Amino acid sequence: IAQTKYELLVQAFTGEKAGNLMEVKEKIDRVIEEQRLGGEISTKMDKDGLVIEFSNALLFESGEADLKSEANTVFVPIERHLVEDLEPHYGLVIEGYTDDVPISNSRFSSNWDLSSSRAIHVMQRLQRAGLDPRRISVKGYANTRPATDVDISDPAALAKLSPTELQEVRAANRRVIIRVDALDLEVLERVGIKTGAKIERLQEAIRDGDVENTKSL
């Protein structure tokens, strides 16, 4: 069972807050609403934790990996909630994705390079803002993880689309995703991140599969 899902079960079982992921999600949702960015940023909770998805058009120029200057007003308040509000036992995975249009220039040899570089730039931004680098990892997927029902890595599937449909599918696939979930107890111990006694007891219960012990948290 995913650790964040386990935290939600503990909260339902005991009425006690086992983490603050939902609170951070609500704060980010308020930023999205206040800045009217519902079409550019979305959040959801899934079985693995909090998922924050950004359209590439919001953060990057076409074929570039540096964050646009206009992205600052959007990213700063979200960055602040991730850096300052998240409890220290949560880790972040930053994922970069592209469409199927090939890229080859002096800076990027492929969409693998571009997607990875975009994820790294977001990671560096969070690190400069104060997020512990031991809590961050990055992944680049190029066009290998479709955002829609259309497999963007399959030329035959793309050939069936109208020009408008193809444009929409490609736009949906150009994105950056930040995933937030509780780090494993072993990882926290190995890198020396202190989480507090309550979270340590919860993590031990997760490791041992002991739901009953969570009732006393």
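Anyway, here's the lowdown on the structure attached to this text.

Cut-offs and rules
- Residues numbered from 1 in each chain as written.
- Predicted model: local features only at pLDDT ≥ 70, side-chain atom pairs only at ≥ 80, totals over all residues.
- Heavy atoms only, no water.
- Buried < 20%, exposed > 50% of the residue type's maximum accessible area, 1.4 Å probe, protein only.
- Helix = DSSP H or I, 4+ residues; strand = E, 2+ residues; numbered from the N terminus.
- Pairing = 2+ DSSP bridges.
- Polar contact = N/O pair within 3.5 Å; in protein donor to acceptor, adjacent residues only side chain to side chain.
- Contact = heavy atoms within 4.5 Å.
- Axes fitted to C-alpha atoms, helices over the stretch in contact; angles between N-to-C directions.
- Expected span 1.5 Å × (residues − 1).
- Phe/Tyr/Trp six-rings, centres within 6.5 Å; stacked < 30°, edge-to-face > 60°.
- Lys NZ or Arg CZ within 6 Å of the ring centre and 35° of its normal.

Within strand β5 (residues 175-182), six of the eight residues are buried, which leaves the element mostly enclosed by the surrounding structure. With six bridges connecting them, strand β2 (residues 49-55) and β5 associate as antiparallel partners. Within β5, the position partnered with V51 by the bridge is R179. Pairing of strand β3 (residues 90-97) with β5 involves eight bridges; the strand directions are antiparallel. For G96, the partnering residue across the bridge sits in β5 and is V176.

Our next topic: the side chain of H121. Looking at where H121 falls in the secondary structure, it is placed in helix α5 (residues 111-128). Overall, H121 belongs to the buried group, its relative accessible area being 18%. At a separation of 2.9 Å, a polar atom in the side chain of H121 contacts the main-chain carbonyl oxygen of S117. H121 has contacts with A65, D66, L67 and R107, leaving out every residue within four places of it along the chain.

Once that is clear, we can look at the sheet that holds β3. If you trace the five strands from one edge of the open sheet to the other, you get β1-β2-β5-β3-β4, paired in mixed fashion. Of all the strands in the sheet, the pair left with one neighbour each is β1 (41-46) and β4 (136-140). Strand-to-strand twist in this sheet, taken as the mean axis angle between neighbours without regard to direction, amounts to 20°. Of the pairings in the sheet, the one linking β3 to β4 comprises five bridges and is parallel in character. Each residue of the ladder has a partner; that of L92, found in β4, is I136.

Taking 1.5 Å per residue, 18 residues should reach 26 Å; α5 reaches 26 Å between its end C-alpha atoms and fits that length. By the burial criterion, the buried members of α5 are N111, L114, S115, S117, R118, A119, H121, V122, M123, R125 and L126. Turning to α5, the residues buried within the fold contact α3 (56-59), α4 (72-85), β3, β4 and β5. Between the side-chain oxygen of the N-cap and the backbone nitrogen of W112 there are 3.2 Å, and the N-cap of α5 in question is S110. G130, located one to two residues past α5, shows a positive phi value of around 120°.

By the definition in use, this model includes two aromatic pairs. Ring centres of F54 and F75 lie 5.7 Å apart, and the angle between their planes is 45°; on these two criteria the pair is classed as tilted. Of this pair, F54 sits in strand β2 while F75 sits in helix α4; the two residues are 21 residues apart in sequence, bridging distant segments of the chain. Across the pair, F75 and F54 agree in class, each one buried. Geometrically, the ring pair formed by Y97 and Y141 is stacked, given 5.2 Å between the ring centres and 20° between the ring planes. Here the residue Y97 occupies a position in strand β3, and Y141 occupies one in the loop between β4 and α6 (155-159), the gap between them amounting to 44 residues. Overall, Y141 belongs to the buried group, its relative accessible area being 15%. We note R175 situated over the ring of Y97; from NZ or CZ to the ring centre the distance is 3.7 Å.

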